[in-house]
Amino acid sequence: MTLLRLIPIHVHAVLETILAPVLIVAPFAFGFSAAALVASVVFGVLVMGTALSTSASLAGQDGGLRVSAHASLDLGLAAAAVVCSIAFGVTHDPAAGLFFGAVAILQGLLATTTRYATLPA
């Protein structure tokens, strides 16, 4: 059984470019602990870098991230968000735990519904 691949990779990159600033600003808006703040900012920077590097690769520029690497990073970030959600939920930072749980769900859905294929030339 295969999952539906509804979202093209270029739309995926745009959605991640929108998600990244949310990840960076959220800990300040919701008052996360110091560890959750660092984790959220690092996640935001990684998501933004992945999206921009893939966009550069799709535009034909040298040095961009390959689409297969982007797919692997997306699944890895979703798994890491699950780990962060559990860790911050256990360490008495429920706002960060819920936030990272939502990020894990969004990143997982985005990763499983994206058509990871390069655009035709």
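What you see is a predicted model, and the numbers here were worked out from it, not measured in a lab.

Asks: Before we move on, could you go through the overall build of the chain and cite the residues and values that matter?
Replies: Counting secondary structure elements, the chain contains 4 helices and 2 strands. Going from N to C terminus, the chain has its helices and strands arranged as β-α-α-α-α-β. Relative to a compact globule of 121 residues, whose C-alpha radius of gyration would be 14 Å, the chain shows 15 Å and is just as compact. Projected onto its principal axes, the C-alpha coordinates of the chain cover approximately 50 × 35 × 20 Å. Taken across its 121 residues, the chain has 38% of its residues classed as buried. Long-range contacts, defined here as pairs at least 24 residues apart, represent 70% of the contacts in the chain between residues at least 6 apart. Looking at the chain as shown, the accessible area adds up to about 6,700 Å², and 75% of this sits on carbon and sulfur atoms.

Asks: Mind laying out helix H2 (residues 34-58), listing which residues take part and the relevant values?
Replies: The periodicity of an α-helix, 3.6 residues per turn, causes residues three or four places apart in sequence to face the same way. Compared with the 36 Å implied by 1.5 Å per residue over 25 residues, the 36 Å span of H2 between its first and last C-alpha is a close match. Residues of H2 that are buried include every one of Ala-36, Ala-39, Ser-40, Phe-43, Gly-44, Val-47, Thr-50, Ala-51, Thr-54 and Ala-56, and no others. Trailing H2 by a residue or two, Gly-60 shows a phi angle of about 90°, which is positive.

Asks: Residues and numbers for unusual backbone geometry, please.
Replies: One non-glycine residue, His-92, lies in positive phi territory at about 65°. For His-92, a relative accessible area of 73% translates into the label exposed.

Asks: Talk me through the packing of helix H1 (residues 9-30) against H2; I want residue IDs and the actual numbers.
Replies: What describes two packed helices is the angle between their axes and the distance between those same axes. It is at 8 Å that the axes of H1 and H2 come closest, and there the two elements cross at 160°. With respect to H2, the element H1 is oriented roughly antiparallel. Here H1 and H2 pass one another in a crossing that is left-handed. The residue inventory of the contact of H1 with H2, partitioned by class, reads 17 nonpolar, 7 polar and 1 charged.

Asks: How would you summarise the side chain of Thr-54 if you had to cite specific residues and measurements?
Replies: One can find Thr-54 in helix H2. In this structure the side chain of Thr-54 is engaged in a polar contact, spanning 2.5 Å, whose partner is the side chain of His-70. Apart from residues lying up to four places away in sequence, Thr-54 is in contact with Ile-9, Leu-65 and His-70.

Asks: Residues and numbers for the packing of aromatic side chains, please.
Replies: Centre-to-centre distance and the angle between the planes together describe a pair of aromatic rings. Scanning all chains against the criterion turns up 6 aromatic pairs. Here the aromatic rings of Phe-88 and Phe-100 are separated by 5.5 Å at their centres, their planes lie at 35°, and the arrangement is tilted. Pair noted here: Phe-88 is in helix H3 (residues 67-90) and Phe-100 is in helix H4 (residues 94-112), with a separation of 12 residues, a long-range link. Comparing Phe-88 with Phe-100 shows no difference in burial state: the two are buried.

Asks: Before we move on, can you summarise H4 with the specific residues and values?
Replies: In a regular helix each residue adds 1.5 Å, so 19 residues correspond to 27 Å; H4 covers 27 Å between its end C-alpha atoms and thus fits that length. Buried residues of H4: Ala-96, Gly-97, Phe-99, Phe-100, Gly-101, Val-103, Ala-104, Gln-107, Gly-108, Leu-110 and Ala-111, and no others. Contacts made by the buried residues of H4 are with strand S1 (7-8), H1, H2, H3 and strand S2 (114-115).

Asks: Tell me what's going on with the side chain of Thr-50, and back it up with residues and numbers.
Replies: Assignment of secondary structure puts Thr-50 in helix H2. For Thr-50, a relative accessible area of 7% puts it in the buried group. Excluding residues that lie within four positions of it along the chain, Thr-50 makes contacts with Glu-16, Leu-65, His-70 and Leu-73.

Conventions used here
Residues numbered from 1 in each chain as written. Predicted model: local features only at pLDDT ≥ 70, side-chain atom pairs only at ≥ 80, totals over all residues. Heavy atoms only, no water. Helix = DSSP H or I, 4+ residues; strand = E, 2+ residues; numbered from the N terminus. Rg over C-alpha atoms; globule rule 2.2 N^0.38 Å. Buried < 20%, exposed > 50% of the residue type's maximum accessible area, 1.4 Å probe, protein only. Contact = heavy atoms within 4.5 Å. Areas by Shrake-Rupley, 256 points an atom, 1.4 Å probe, with all protein chains shown as cover. Expected span 1.5 Å × (residues − 1). Axes fitted to C-alpha atoms, helices over the stretch in contact; angles between N-to-C directions. Parallel < 35°, antiparallel > 145°, perpendicular 65-115°, else oblique. Left-handed = near helix turned anticlockwise from the far one by under 90°. Nonpolar A, V, L, I, M, F, W, Y, C, P; charged D, E, K, R; others polar. Polar contact = N/O pair within 3.5 Å; in protein donor to acceptor, adjacent residues only side chain to side chain. Phe/Tyr/Trp six-rings, centres within 6.5 Å; stacked < 30°, edge-to-face > 60°.

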